[in-house]
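Secondary and tertiary structure notes
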Amino acid sequence: MEFARVYLDAASGQPWRVGDQVLSAAAGYTWATGSAFHSEASRTRAMTATAIESLASLLEVPIQNVVPVHNLGNAWALASESLHGSVAMSPLSRLGAMDSVRRCASDVRMLTVDGDGYLVPEPEVPADWLVIQAGNQEIGSIDDTNFAESSKLLLDATEWVGRVAYIPRGDVLVLRASSWGGPQSVCFVVYRSSAPSLAARRLSMLAPEPALLAIAIAALEQCGDVNARAESHSKALRLLAGELATIKDVTVHGTFERPRLPHILAFSVEGIDAEAMAHALDARGYAVGAGSACIGELGQPSHVLAAIGSSGHGAVRLSLPIDTAPEQQIGRAHV
């Protein structure tokens, strides 16, 4: 029997929304190194500045406060350099973020989360910086950015823009273009109050390929009605979560009764290996994530699920591509 293909692993990457429209033009126009002195380099610099200005306008920060970075590891390494003093961090953070924070800060402690993946309120958080998430990449829980208003905030917003209409607060934000349908390798570190002091050479070394940056910003500019999309995606996954919860030995992680990302859902099946389940679903036409969402832990149990009291085994992660239509979500996404 043939099955219609359904891609449900957008958190691991998704088709570029405007790649076919922008790539050839951008590659032909901005192929030169921007640091050179000829007109071809000038074109690259102009295109890059225009692209960054568009994102800066959305985030309501000066253009110099937005640093485009090639790949998420480099973005976290750069963002973590802002940390000083004591740091309190969500245990659900990406493993790469944890590694970068620990390299830059000597005093790091983990906060406490409840069984749904939300920070447990503390009377006082004695930390100079908080490192938390504007949406977890596996279970979709959203950290309260007012958790400790006296602390500065480094915020993981890699699954946020294009999915939720408002921009969360934070002194430093890490974004990834794949959340809105851009290339996964294009990331941004955004500084809310003041621009970082970075040498031109380092900025050049960190920068993504100009053509990919053009695709990333073009995709962002075509996001459309974010609220309508979020409502549609959330409705579909709420329906699916309700159906999954009726199946024996299936545990749906997280809750729909508290703020959450609209496009991510995770569940576990007792006694079933996650990788084997992913292969079985793939054979039936469903592409899903399994195990940890952190590439460094490929094939390993999820540290996110372990932190909320689950074994982390048998975990399946669904994340809807940004352009998933309502009839695809509700009519076909019944795993």
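All of the points below concern the structure found in this document.

What counts and how
- Residues numbered from 1 in each chain as written.
- Predicted model: local features only at pLDDT ≥ 70, side-chain atom pairs only at ≥ 80, totals over all residues.
- Heavy atoms only, no water.
- Phe/Tyr/Trp six-rings, centres within 6.5 Å; stacked < 30°, edge-to-face > 60°.
- Buried < 20%, exposed > 50% of the residue type's maximum accessible area, 1.4 Å probe, protein only.
- Lys NZ or Arg CZ within 6 Å of the ring centre and 35° of its normal.
- Pairing = 2+ DSSP bridges.
- Helix = DSSP H or I, 4+ residues; strand = E, 2+ residues; numbered from the N terminus.
- Axes fitted to C-alpha atoms, helices over the stretch in contact; angles between N-to-C directions.
- Contact = heavy atoms within 4.5 Å.
- Left-handed = near helix turned anticlockwise from the far one by under 90°.
- Core = buried A, V, L, I, M, F, W, Y, C linked by side-chain atoms within 4.5 Å.
- Salt bridge = Lys/Arg side-chain N within 4 Å of Asp/Glu carboxyl O.
- Nonpolar A, V, L, I, M, F, W, Y, C, P; charged D, E, K, R; others polar.
- Disulfide = S-S within 2.5 Å.

1. What to know about the packing of aromatic side chains
Applying the stated criterion across every chain yields a total of two aromatic pairs. Here Trp180 and Phe188 contribute two aromatic rings whose centre-to-centre distance is 6.2 Å and whose plane-to-plane angle is 25 degrees, an arrangement assigned as stacked. Taken as a pair, Trp180 and Phe188 share a single burial class, namely buried. Against the face of Phe256 rests Arg260, its NZ or CZ located 4.2 Å from the ring centre.

2. Describing the sheet that holds strand β7 (residues 172-176)
A sheet is described by the order of its strands in space; here seven strands give the open sequence β2-β8-β7-β6-β5-β3-β4, paired in mixed fashion. Where the open sheet ends on each side, the last strands, each with one partner, are β2 (66-70) and β4 (107-110). Shown here is a sheet whose adjacent strand axes are inclined to one another by a mean of 20 degrees, direction ignored. Sheet analysis places β2 next to strand β8 (residues 186-191), joined by five bridges and oriented antiparallel. Bridge assignment links Pro68 to a residue of β8, and that residue is Phe188. On top of the sheet, helix α6 (residues 210-221) reaches β2 and β8; it is set at about 70 degrees to β8, its chief contact.

3. Quick look at the packing of helix α2 (residues 39-59) against α6
For the pair α2 and α6, interaxial distance at closest approach is 10 Å and the crossing angle is 30 degrees. As for the relative orientation of α2 and α6, their crossing is left-handed in sense. Residues Thr44, Met47, Thr48, Ala51, Ile52, Ser54, Leu55 and Leu58 of α2 touch α6, and the partners they reach there are Pro210, Leu213, Ala214, Ile217, Leu220 and Glu221.

4. Concerning the nonpolar core
Leu130, Leu175, Trp180 and Phe188 are the most contacted members of the largest nonpolar core, which has 58 residues in total. With ten residues, α6 is the single largest residue contributor to this core. When residues no more than four places from it in sequence are discounted, the contact partners of Leu175 are Leu55, Leu59, Ala157, Thr158, Val161, Cys187, Phe188 and Val190. The next biggest cluster of nonpolar side chains, apart from the first, holds 24 residues, and it includes Leu83, Met89, Val174 and Leu206.

5. Points about unusual backbone geometry
Phi is positive for Glu60, close to 60 degrees, though the residue is something other than glycine. For Glu60, the position within the fold is in the loop between α2 and β2. For Glu60, a relative accessible area of 73% corresponds to the exposed category. For Asp249, which is not glycine, the phi dihedral falls at a positive 70 degrees. Inspection of the secondary structure puts Asp249 in the loop between α7 (226-244) and β9 (250-253).

6. Observations regarding the pattern of salt bridges
Following the criterion strictly, the structure yields nine salt bridges and no others. Asp9 is the salt-bridge partner of Arg317, the closest N and O atoms lying 3.9 Å from each other. In this pair, Arg317 sits in strand β12 (residues 315-319) while Asp9 sits in the loop between β1 (6-8) and α1 (19-29), placing the two residues 308 residues apart along the sequence. A relative accessible area of 5% means that Arg317 is categorised as buried.

7. So, the sheet that holds strand β10 (residues 264-269)
Within the open sheet, the five strands sit side by side as β1-β11-β12-β10-β9. Their pairing is mixed. Each edge of the open sheet carries a strand with a single partner, namely β1 and β9. Each neighbouring strand pair of the sheet contributes to a mean axis angle of 30 degrees, computed without reference to strand direction. Packed on one face of the sheet, α7 meets β9, β10 and β12 and runs near 10 degrees to β10.

8. Here's the deal with the packing of helix α3 (residues 72-80) against helix α4 (residues 95-104)
Packed helix pairs are characterised by how far apart their axes lie and by the angle those axes make with each other. Close contact between α3 and α4 brings their axes to 9 Å; oriented N to C, the two are set at 35 degrees. The interaxial crossing formed by α3 with α4 has right-handed handedness. Together, Gly73, Trp76, Ala77 and Ser80 of α3 and Gly96, Ala97, Ser100, Val101 and Cys104 of α4 make up the contact between the two elements. A breakdown of the residues in the contact of α3 with α4 according to their chemical character gives five nonpolar, four polar and no charged.

9. Notes on the state of the cysteines
The final tally for this structure, using the stated rule, is zero disulfides. Sulfur of Cys104: no disulfide; nearest cysteine sulfur belongs to Cys187 and is 16 Å away. Its relative accessible area of 35% is what places Cys104 among the partly exposed residues.

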